[in-house]
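The lines below spell out each chain.
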Amino acid sequence: MSAKIHAAITAVGGYVPPDKLTNQDLEKMVDTNDEWIRTRTGITERRILKEPGKATSDMIVPAVLELCAKRGIAPAEIDCLIVGTVTPDMVFPSTANLVCHKIGAVEAWGYDLSAACSGFLFALAQGTALIESGRYEKVVVCGADKMSAIVDYTDRATCIIFGDGAGAVLLEPTTEQVGVMDSILRTDGSGSQYLHMKAGGSLKPASAETVANREHFAYQEGQAVFKFAVKGMADVSAALMEKNKLKADDIAWLVPHQANLRIIDATANRMGLGTEKVMINIERFGNTTAATIPLCLWEWESKLKKGDTIILSAFGGGFTWGAIWVKWAYDTK
Ligand code: UT7
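These lines cover the structure that appears in this document, whether it is placed above or below. (Residues numbered from 1 in each chain as written. Predicted model: local features only at pLDDT ≥ 70, side-chain atom pairs only at ≥ 80, totals over all residues. Heavy atoms only, no water.)

Turning next to the overall build of the chain. Broken down by element type, the chain carries eleven helices and 13 strands. A compact globule built from 333 residues would reach a C-alpha radius of gyration of about 20 Å, and the chain, at 19 Å, matches this within 12%. Overall, the chain is about 60 × 45 × 35 Å in size when its C-alpha atoms are taken along their principal axes. Among the 333 residues that make up the chain, the fraction classed as buried is 55%. Per element, the accessible surface of the chain, about 14,300 Å² overall, is 53% carbon and sulfur. Computed over 34 positive and 39 negative side-chain charges, the separation of the two mean positions in the chain equals 3 Å. (Helix = DSSP H or I, 4+ residues; strand = E, 2+ residues; numbered from the N terminus. Rg over C-alpha atoms; globule rule 2.2 N^0.38 Å. Buried < 20%, exposed > 50% of the residue type's maximum accessible area, 1.4 Å probe, protein only. Areas by Shrake-Rupley, 256 points an atom, 1.4 Å probe, with all protein chains shown as cover. Lys, Arg positive; Asp, Glu negative; His and termini not counted. Charge placed at Lys NZ, Arg CZ, Asp CG, Glu CD.)

See the structure below:
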């Protein structure tokens, strides 16, 4: 019997735009203050893609080119590229399509996956299945969002949270006991009422009225989402640990979605982890939706060691949520 194929993460890339939107900047735009934002969310500043004519794909391109350079492969070697995003460049074609064209991934197919803040986790599970099938050798999984394109900068309850960014990982097959080991992923459409975009889909196509009503922006009932997120992210992370008999001491890192520092703390507490084991970049990047988790891996890559047990965990609009257990596959030279 041949050994089971695992999907190993073999390289990471990331990109955040250079322009910063600080709490002080927001104080001039809406009725808020630095202290409220920092204590309620943990955020100090976010990055915003300001350059005219640039979209989500333009942040993914440098992230994917970086991981190709690190791994020493050409984009033409990529078999499939999946993009988790809720801010595609256009409704169609897919952002994955546009990225493949821009980087010269001429042998690849790809598609976008819409799962809001859980977009990277869902895409990682999909990429893993493709690798484990034995049919694909190089699958790139991206999480990217240009949230500034759908944030209402007159709504103080949402505009203080979000930022722009992109992250990507390369998946390759291995028969070693490393890579994506297990996952628990969930959706519950009954939560859609609390976090969604009202217009622009087939339910309510764009019209002068939808624009006038500001219905092309992200709508969030923050408190309701907060309650579900705290429970959802903590429960699913604990359930994944229990399912795989993982103890807090076994875990090297928790990589949580960065929506709110208080949600991250609740998840870490429930897992029995101290803050020294939690990747946190929310203070500098805010909530970049599908990009938060790969951006953490990108920034922490040099600290990760082969064999490290890592739990990725997210909760987001939809509702969508889940946790993935990864055994890190390489030491950074
Ligand atoms: O990433 C995908 C999923 N999204 C999330 O996980 C986000 C989850 N939700 C949250 O992180 C939080 O609910 C928020 C950060 C969005 C809001 O924090 P909160 O502690 O839930 O605040 P709240 O909505 O309960 O509002 C508390 C008070 C209200 O005033 P009153 O009614 O008590 O007088 C708000 O009007 O804070 C007020 N408020 C603000 N004050 C200053 C709301 N936004 C602001 C603001 N600055 N930006």
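Every one of the 23 residues lining the ligand counts as a neighbour, but Thr32, Arg40, Gln223, Asn260 and Asn287 are closest to it. Trp36 has a polar side-chain atom sitting 3.4 Å from an oxygen atom of the ligand. Between the ligand and the protein, one listed contact pairs an oxygen atom with a side-chain N or O atom of His257 at 2.9 Å. Here the ligand loses 75% of its free accessible area of 950 Å² to cover by the protein chains. For the shell around the ligand, the secondary structure elements donating two or more residues are α2 (34–41), α6 (156–159), α8 (222–243) and α9 (261–271). Here the shell around the ligand takes four residues from α8, the largest share from any one element. Residues of the shell around the ligand, tallied by class, amount to eleven nonpolar, eight polar and four charged. (Near = heavy atom within 4 Å. Polar contact = N/O pair within 3.5 Å; in protein donor to acceptor, adjacent residues only side chain to side chain. Nonpolar A, V, L, I, M, F, W, Y, C, P; charged D, E, K, R; others polar.)

Interaxial distance between α8 and α9 falls to 9 Å at its minimum, and their mutual angle equals 30 degrees. Between α8 and α9, the crossing angle belongs to the class labelled roughly parallel. As for the relative orientation of α8 and α9, their crossing is right-handed in sense. Two secondary-structure elements touch here, α8 through Phe226, Ala229, Val230, Met233, Ala234, Asp235, Ser237, Ala238 and Met241 and α9 through Arg262, Ile263, Ala266, Thr267, Arg270 and Met271. Here the contact of α8 with α9 is composed, by residue class, of ten nonpolar, two polar and three charged. (Axes fitted to C-alpha atoms, helices over the stretch in contact; angles between N-to-C directions. Parallel < 35°, antiparallel > 145°, perpendicular 65-115°, else oblique. Left-handed = near helix turned anticlockwise from the far one by under 90°. Contact = heavy atoms within 4.5 Å.)

With mixed pairing, four strands are arranged side by side in an open sheet as β8-β13-β12-β11. A strand with exactly one partner marks an edge of an open sheet, and here the two such strands are β8 (179–187) and β11 (253–256). Neighbouring strand axes in the sheet, compared pairwise and without regard to direction, differ in orientation by 15 degrees on average. The pairing of β8 with strand β13 (residues 320–327) spans eight bridges and is antiparallel. Paired with Ile184 across the strands is Ala323, a residue of β13. Packing against the sheet, helix α5 (residues 119–132) makes contact with β8, β12 (309–316) and β13, and its axis sits at approximately 130 degrees to β8. Here α8 sits on the sheet and contacts β8, β11, β12 and β13; the angle it forms with β12, its principal contact strand, is near 150 degrees. (Pairing = 2+ DSSP bridges.)

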